Amino acid sequence: MNQTILDERKSQVHRIGEEPFAMACNRPSLAGAVSQRACVFCGSRVVLYPIADALHLVHGPIGCATYTWDIRGAISSGPQLHRLSFSTDLQEMDVIFGGEKKLEASLRELIQLHSPKAAFVYSTCIVGLIGDDMEAVCRRVSADTGIPVLPVMSEGFKGNKREGYTAACKAMFRLVGTGDTAGISPMSVNILGDFNLAGETWIVREYFRKMGVEVVANVTGDGRVDDIRRCHGAALNLVQCSGATMELAKMMQEKYGTPFHRVSYLGVEDMAESLYKVADFFAGHDPSIKSRTVELVRAELSDLMPKLAELRTDLEGKKVAMYVGGSFKAFSLIKAFRHLGMRVVVVGSQTGTEEDYKELAEISDPGTIIVDDANPLELAQFIKEKDVDVFVGGVKERPIAYKLGVGFCDHNHERKIALEGFVGMYNFAREIHASVMSPVWRFMPRRSPARAACAAKEAVNG
């Protein structure tokens, strides 16, 4: 194993076929390793901020509030309150004497100014250290204003990004069960773990509409507080980003008996399989839903597959590295790349579990590198070692790819192109084709004739 990988990190890297499967994961990032992973506070904001008619107030230093809507791609069909970023802007005197008064004053002013349906108050590292009683402040303001004011206990030092997901789910669960469920169809679902990036939730909702299935709540892309309050009336929860919202699905199953299915709206097979799962679930209510779903999938694929075949001509044999937030995305993308004739040789995630990585090892090719909670040096080393043609990641991975002269595809929350659904698969294929086939890579040192000749000489000399 290369010296770039610190000894303490070696157990979080696995090479398929070289050793029996074993992966250490879901543990705090190694101090000093410059992890690509986000913090607890970030995890909670990922889940909650797309609720568009809620107030989102960060209780902490102004720096934490820089994480705003404007670096994300979730969009709303109505209210735009989630696009505004609010902070209590704690200063030295607040740290010494406490920030509760400032928090309460901020909440009252903002609620009066914007009339939100609910307010989420995010705790940051410094608030956890000074011990502000956010729960008490939120309770007082809620009683006076008549709207839910919900503390999100997301102090950054509590753990990793998954702890933020849990904090968000606990805050949302306080809303669930407080709304009227009258009129909800027995054939109804909640969409969990989809964030309506570039309007993706709308694509999926349209598929369900054609199948005759009602969507009660989007949790949380294009989300609404009132929908979440009554979402316990839905017959089924569909969980896509399991890391972000699985906790909420389990809490709803335990308290309200709502079953859940894991789904993915990415790629060809997983998108179709997700629709078939829903059709099977409701077939007892309406047997004709199966034939409607088959017809829907057939129509979409008859349009999509010839287009993919055209792009595959250029992409056949190209190699891919990907580093994503949740591992569900990696499962679907490995299958999607096979439709393009491409091979994934490096795959990693910020928050995968041992079960996730074991499944990844089962569906990946021999020689593939699987990595948990990577850092920039490791990712750069793997990209060079495998000589990949395109790197799939988020905003933090983009500079790594460009510095190495490698094509890049943004598949994180910053993207502005819909990549879900069958139409999203075509968008994805076009994005990959445009990046991989760009003539600019010919001028990069990595692809220069001198470098190629050197590599060929090294290969001959063994």
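Residues numbered from 1 in each chain as written. Predicted model: local features only at pLDDT ≥ 70, side-chain atom pairs only at ≥ 80, totals over all residues. Heavy atoms only, no water.

Trainee: Teacher, can you tell me more about the packing of aromatic side chains here?
Mentor: The geometry of an aromatic ring pair comes down to the distance between the two centres and the angle between the two planes. Using the criterion set out here, one finds eight aromatic pairs in the structure. With a centroid separation of 5.7 Å and 55 degrees between ring planes, the pair formed by tyrosine 207 and phenylalanine 422 is classed as tilted. With tyrosine 207 in helix α7 (residues 200–211) and phenylalanine 422 in helix α16 (residues 421–436), this residue pair connects regions lying 215 residues apart in the sequence. In this structure tyrosine 207 comes out as buried when scored by relative accessible area, which is 4%. An aromatic cluster of at least three residues, connected via ring pairs, comprises Phe391, Tyr402, Phe408 and Trp441. A cation sits over an aromatic face here: arginine 45 above tyrosine 122, 5.1 Å from the ring centre. (Phe/Tyr/Trp six-rings, centres within 6.5 Å; stacked < 30°, edge-to-face > 60°. Helix = DSSP H or I, 4+ residues; strand = E, 2+ residues; numbered from the N terminus. Buried < 20%, exposed > 50% of the residue type's maximum accessible area, 1.4 Å probe, protein only. Lys NZ or Arg CZ within 6 Å of the ring centre and 35° of its normal.)

Trainee: Help me understand the sheet that holds strand β5 (residues 149–152) in this model?
Mentor: What links the strands of a sheet is backbone hydrogen bonding, and the strands pair in either a parallel or an antiparallel sense. The strand order β3-β2-β4-β5 describes an open sheet built from four strands, whose pairing is parallel. Of all strands in the sheet, those with a lone pairing partner are β3 (86–87) and β5, marking the two edges. Inspection of the sheet shows strand β4 (residues 118–123) paired to β5 by four bridges, in the parallel sense. Across the sheet, residue phenylalanine 120 finds its bridge partner in β5, namely leucine 150. The sheet contacts of helix α1 (residues 40–48) involve β2 (54–59), β4 and β5, and relative to β4 the element is tilted by about 165 degrees. Where helix α5 (residues 134–145) meets the sheet, it contacts β2, β4 and β5, and its direction lies at approximately 165 degrees from that of β5. (Pairing = 2+ DSSP bridges. Contact = heavy atoms within 4.5 Å. Axes fitted to C-alpha atoms, helices over the stretch in contact; angles between N-to-C directions.)

Trainee: Looking at this structure, how should I read the sheet that holds strand β7 (residues 214–219)?
Mentor: One open sheet holds the four strands; their spatial order is β7-β6-β8-β9, and the pairing between them is parallel. One side of each edge strand has no neighbouring strand; the edge strands of this open sheet are β7 and β9 (260–262). Neighbour-to-neighbour, the strand axes of the sheet open up by a mean angle of 25 degrees, direction not taken into account. With three bridges joining them, strand β8 (residues 236–239) and β9 adopt parallel strand pairing. Bridging from a neighbouring strand, valine 239 pairs with arginine 262 of β9. Across the sheet, α7 lies against β6 (188–192), β7 and β8, angled at about 160 degrees from β6, the strand it touches most.

Trainee: What exactly am I supposed to notice about the packing of helix α11 (residues 289–315) against α16 here?
Mentor: Between two packed helices, both the angle of their axes relative to each other and the distance between the axes serve to describe the pair. Viewed as axis vectors pointing N to C, α11 and α16 meet at an angle of 10 degrees, and their least axial separation amounts to 9 Å. Classified by the interaxial angle, the pair formed by α11 and α16 is roughly parallel. Counting all contacts with α11, which are made through Val297, Glu300, Leu301, Leu304, Lys307, Leu308, Leu311, Asp314 and Leu315, the residues of α16 involved are Phe422, Met425, Tyr426, Ala429, Arg430, Ile432, His433 and Val436. (Parallel < 35°, antiparallel > 145°, perpendicular 65-115°, else oblique.)

Trainee: Would you mind going over a nonpolar patch on the surface with me for this structure?
Mentor: On the surface, Met93, Ile96 and Phe97 cluster together into a nonpolar patch covering about 390 Å² of accessible area. Relative to the assigned elements, methionine 93 resides in helix α2 (residues 92–97). (Patch = residues over 30% accessible without salt bridge, like charges linked within 9 Å, V, L, I, M, F, W, Y side chains within 5 Å. Areas by Shrake-Rupley, 256 points an atom, 1.4 Å probe, with all protein chains shown as cover. Salt bridge = Lys/Arg side-chain N within 4 Å of Asp/Glu carboxyl O.)

Trainee: What is the right way to read the state of the cysteines from this model?
Mentor: Counted according to the given criterion, the structure contains zero disulfides. Not engaged in a disulfide, the cysteine cysteine 42 finds its nearest cysteine sulfur in cysteine 39; these two sulfurs lie 5.7 Å apart. (Disulfide = S-S within 2.5 Å.)

Trainee: Which parts of the structure should I look at to understand the side chain of aspartate 132?
Mentor: Tracing the backbone through its elements, the reader meets aspartate 132 in the loop between α4 (125–130) and α5. Comment: no salt bridge for buried aspartate 132; closest opposite-charge side chain is arginine 140, at 9.9 Å. For aspartate 132, the side chain forms a polar contact with the main-chain nitrogen of glycine 99, separated by 3.1 Å. (Lys, Arg positive; Asp, Glu negative; His and termini not counted. Polar contact = N/O pair within 3.5 Å; in protein donor to acceptor, adjacent residues only side chain to side chain.)

Trainee: What should I look at first to understand the nonpolar core in this one?
Mentor: What tends to happen in soluble globular proteins is that the nonpolar side chains get buried as a cluster. By size, the foremost hydrophobic cluster in this structure holds 59 residues, and its most contacted members are Phe208, Phe337 and Ile432. Sorting elements by how many residues they give to this core places α11 first, with seven residues. Ranked by size, the runner-up nonpolar core spans 44 residues in total, among them Tyr165, Val176, Cys241 and Met252. (Core = buried A, V, L, I, M, F, W, Y, C linked by side-chain atoms within 4.5 Å.)

Trainee: What is the right way to look at the pattern of salt bridges in this model?
Mentor: Two side chains of opposite charge can pair, provided their charged atoms sit close to one another. Applying the stated criterion to the full structure yields 22 salt bridges. Residue glutamate 200 pairs with arginine 415 through a salt bridge whose shortest N-O separation is 2.5 Å. With glutamate 200 in helix α7 and arginine 415 in the loop between β14 (407–410) and α16, this pair connects stretches of sequence that are 215 residues apart. Since its relative accessible area comes to 1%, glutamate 200 is described here as buried. Take arginine 415: its relative accessible area is 6%, and that puts it in the buried class. With a shortest N-O distance of 2.8 Å, arginine 292 and aspartate 286 are connected by a salt bridge. Residue class for arginine 292 comes out partly exposed when judged on its relative accessible area of 29%.

Trainee: I keep staring at helix α10 (residues 269–282) and nothing clicks. Help me out?
Mentor: Quick reminder: α-helices carry 3.6 residues per turn. Residues three or four places apart thus point the same way. Compared with an ideal rise of 1.5 Å per residue, which puts 14 residues at 20 Å, α10 spans 20 Å between its outermost C-alpha atoms and is within 8% of the ideal. Taken residue by residue, α10 has Asp270, Met271, Ala272, Ser274, Leu275, Val278, Ala279 and Phe282 as its buried positions. (Expected span 1.5 Å × (residues − 1).)

Trainee: Before we go on, may I ask you to explain the side chain of threonine 258 in this structure?
Mentor: Take threonine 258: it is sitting in the loop between α9 (242–256) and β9. Residues in contact with threonine 258, not counting those within four places in the same chain, are His232, Ala234, Ala235, Leu236, Asn237, Ala249, Met252 and Gln253.

Trainee: Can you walk me through helix α14 (residues 376–386) in this structure?
Mentor: Here α14 has its buried residues at Glu378, Leu379, Ala380, Gln381, Phe382, Ile383 and Lys386. Its buried side turned inward, α14 meets β1 (13–15), β10 (319–324), β11 (343–349), β12 (369–372), β13 (390–393) and α15 (398–403). Put simply, asparagine 375 is the residue that caps the front of α14, since its side-chain oxygen is 3.1 Å from the backbone nitrogen of leucine 377. Downstream of α14 by one or two residues, aspartate 387 has phi in the positive range, about 50 degrees.

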